[in-house]
Amino acid sequence: QIIDKKEEFLLELIDEVLPGIFPQVFPYSEQFSWLNAEDYLLPNQADLLAQKAKLEDDYKNKISKIDKEIEDNHTKYKFLHNLIHETDDLLVKSVKLYLEWLGFQNVIDMDETKPTVKEEDIQISLENGLLIIEVKGIGGTSQNSDCSQINTIKFRRAEQRRSFDVFALYIVNHQRYLPPKSRNNPPFSDQQIKDAINEKRGLLTTYDLFKLYDNIEAGFVTKEDARTALLQYGLVTFKPSDADYLGFPQEIHHKGTVAILNINNTSLYKGVKIIVCNDGVYSEIEILEIQMDSQTVDIAEKGEIGIKFNHSISRRSELWIARKS
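All of these numbers come straight from a predicted model, not from anything done at the bench. (Residues numbered from 1 in each chain as written. Predicted model: local features only at pLDDT ≥ 70, side-chain atom pairs only at ≥ 80, totals over all residues. Heavy atoms only, no water.)

Trainee: Looking at this structure, I do not really get the overall build of the protein chain. What am I missing?
Mentor: Helix and strand counts for the protein chain come out as eight helices and 14 strands. When the 325 residues of the protein chain are sorted by exposure, 37% land in the buried category. Taking all contacts inside the protein chain whose residues are at least 6 apart in sequence as the whole, residues at least 24 apart take part in 62%. Carbon and sulfur atoms provide 50% of the accessible area of the protein chain, an area that totals close to 20500 Å². (Helix = DSSP H or I, 4+ residues; strand = E, 2+ residues; numbered from the N terminus. Buried < 20%, exposed > 50% of the residue type's maximum accessible area, 1.4 Å probe, protein only. Contact = heavy atoms within 4.5 Å. Areas by Shrake-Rupley, 256 points an atom, 1.4 Å probe, with all protein chains shown as cover.)

Trainee: Would you take a moment to explain the environment of Ser312 for this structure?
Mentor: Position of Ser312 among the secondary structure elements: in the loop between strand 13 (299-309) and strand 14 (318-322). Taking the C-alpha atoms as reference points, Ser312 and Gly256, separated by 56 residues in sequence, lie 4.3 Å from one another. Ignoring anything within four residues of it in the chain, the contact list for Ser312 reads Lys255, Gly256 and Thr257.

Trainee: I would appreciate a short explanation of the side chain of Gln123 in the present structure.
Mentor: Considering the arrangement of structural elements, one finds Gln123 in strand 2 (residues 122-126). Judged by its relative accessible area of 14%, Gln123 is buried. Of the polar contacts made by the side chain of Gln123, one reaches the side chain of Glu120; its length is 2.6 Å. (Polar contact = N/O pair within 3.5 Å; in protein donor to acceptor, adjacent residues only side chain to side chain.)

Trainee: Explanation requested: the pairing of strand 3 (residues 129-137) in the structure shown.
Mentor: In summary, the side chains of a regular strand alternate between the two faces of the sheet. By the criterion of burial, strand 3 is predominantly enclosed, with eight of the nine residues buried. Pairing analysis gives five bridges linking strand 2 to strand 3, with the strands arranged antiparallel. When the sheet's bridge partners are listed, Ile124 is paired in strand 3 with Leu131. In this structure, the hairpin formed by strand 2 and strand 3 is closed by a connection of two residues. For strand 3 and strand 4 (residues 166-173), the ladder comprises eight bridges, and the chain directions are parallel. In the strand pairing of strand 4, Leu130 is matched with Val166. Handedness of the crossover joining strand 3 and strand 4 through helix 5 (residues 144-161): right-handed. (Pairing = 2+ DSSP bridges. Right-handed = clockwise from strand over helix to strand, strands pointing away.)

Trainee: Even after reading the chapter, I still don't get the packing of helix 2 (residues 45-83) against helix 3 (residues 88-101), so can you show me in this structure?
Mentor: To characterise two packed helices, one gives the angle between the axes of the helices and the distance between these axes. Two elements in contact, helix 2 and helix 3, have axes separated by 9 Å at closest approach and are oriented at 120°. Viewed along their axes, helix 2 and helix 3 adopt a mutual orientation that is oblique. The two elements helix 2 and helix 3 cross, and the hand of that crossing is left-handed. Residues Phe79, Leu80, Asn82 and Leu83 of helix 2 lie in contact with helix 3, whose contacting residues are Leu90, Leu91, Ser94, Val95, Leu97 and Tyr98. Considering only residue class, the contact of helix 2 with helix 3 consists of eight nonpolar, two polar and no charged. (Axes fitted to C-alpha atoms, helices over the stretch in contact; angles between N-to-C directions. Parallel < 35°, antiparallel > 145°, perpendicular 65-115°, else oblique. Left-handed = near helix turned anticlockwise from the far one by under 90°. Nonpolar A, V, L, I, M, F, W, Y, C, P; charged D, E, K, R; others polar.)

Trainee: Just checking my understanding: could you explain the side chain of Thr205 for this structure?
Mentor: With respect to the helices, strands and loops of the structure, Thr205 is situated in strand 5 (residues 202-205). For Thr205, a relative accessible area of 2% corresponds to the buried category. Separated by 2.9 Å, the side chains of Thr205 and Asp208 make a polar contact. Apart from residues no more than four positions distant in its own chain, Thr205 is found in contact with Ile171, Val172, His174, Pro187 and Phe188.

Trainee: I would appreciate a short explanation of the packing of helix 3 against helix 7 (residues 206-217) in the present structure.
Mentor: One can describe the packing of helix 3 onto helix 7 by two numbers: an axis separation of 12 Å at closest approach and a directional angle of 30°. It follows from the interaxial angle that helix 3 and helix 7 lie roughly parallel. The handedness of the crossing between helix 3 and helix 7 is left-handed. Only Thr206, Leu209, Leu212, Tyr213, Ile216 and Glu217 of helix 7 make contact with helix 3, whose side of the interface consists of Leu91, Tyr98 and Trp101. Here the contact of helix 3 with helix 7 is built from residues that sort into seven nonpolar, one polar and one charged.

Trainee: Can you walk me through the packing of aromatic side chains in this structure?
Mentor: A ring pair, where both rings are aromatic, is described by two values, the distance of the centres and the angle of the planes. A complete count under the given rule lists eight aromatic pairs for this structure. Here Phe220 and Tyr282 contribute two aromatic rings whose centre-to-centre distance is 6.0 Å and whose plane-to-plane angle is 45°, an arrangement assigned as tilted. On the criterion of sequence distance, the pair formed by Phe220 in the loop between helix 7 and helix 8 (223-229) and Tyr282 in strand 11 (residues 281-292) is long-range, its members being 62 residues apart. Both residues of the pair, Phe220 and Tyr282, count as buried. Pairwise contacts between aromatic rings join Tyr77, Phe79, Tyr98, Trp101 and Tyr213 into one cluster. (Phe/Tyr/Trp six-rings, centres within 6.5 Å; stacked < 30°, edge-to-face > 60°.)

The following block contains the structure:
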């Protein structure tokens, strides 16, 4: 038999006939949706539905609250993201905000106070002089002229002050279109670093500032030591505070949990905290066991030793011993 109204036939078949024959295939059929009406609710159904509705409302309110906190947190710390992707005025303002968080007083954005004078971007008055900073955000790495531009301004400020108490720092957000870990770090050539040392000026990346934030918050570096480090000549680095340098492991074994070190006049024993630096990010591990000449010892102060840690390290991990251990 030929069905003339095929569309109506199929709709009736799917909506009314098949759900009754194969209910498992049509779990969402609304053929008997009237059973959910208030007049036909099962015992306890109304209370359970009310509880469900309340839970859904509570969930939505909590999600909304967290979303607001996420938004506020992003606004508060956006300057840290700006450090590693912005350029021009927004980058300068973010560096200024960071330096104020670091504890510097009298941080001046020179583009705001003297917009027609295109010299240094930031000035900071210090107890022992003046710090001037050039800030750049670039798609590649710095040319020699970029690195040394601040030097000319340094001598100009020294002449104005009639004093050689002017510190100069070049801060760059290099290769800013790439994720920071994929960039050339540090982006300065050996010659650029040597020139900076000879000319008594500093070189620094905004990515190093970004990493420094967490190192300070975690207690590895004090803000005071970080401020002092910004006055270094050559490549600026931030060493852990209250710690002595141990060096790099000579060998590592057992998936990085055992390292061979050569120490000299350094007292190491079980329980001592060791600070690990991996590409400028600090973490802390603990000594579980020390061996000398294949024998477990309570303490070691000199010579080649094997150390077992509670976490793994790499051959490129830089090790420090916390003085407060």
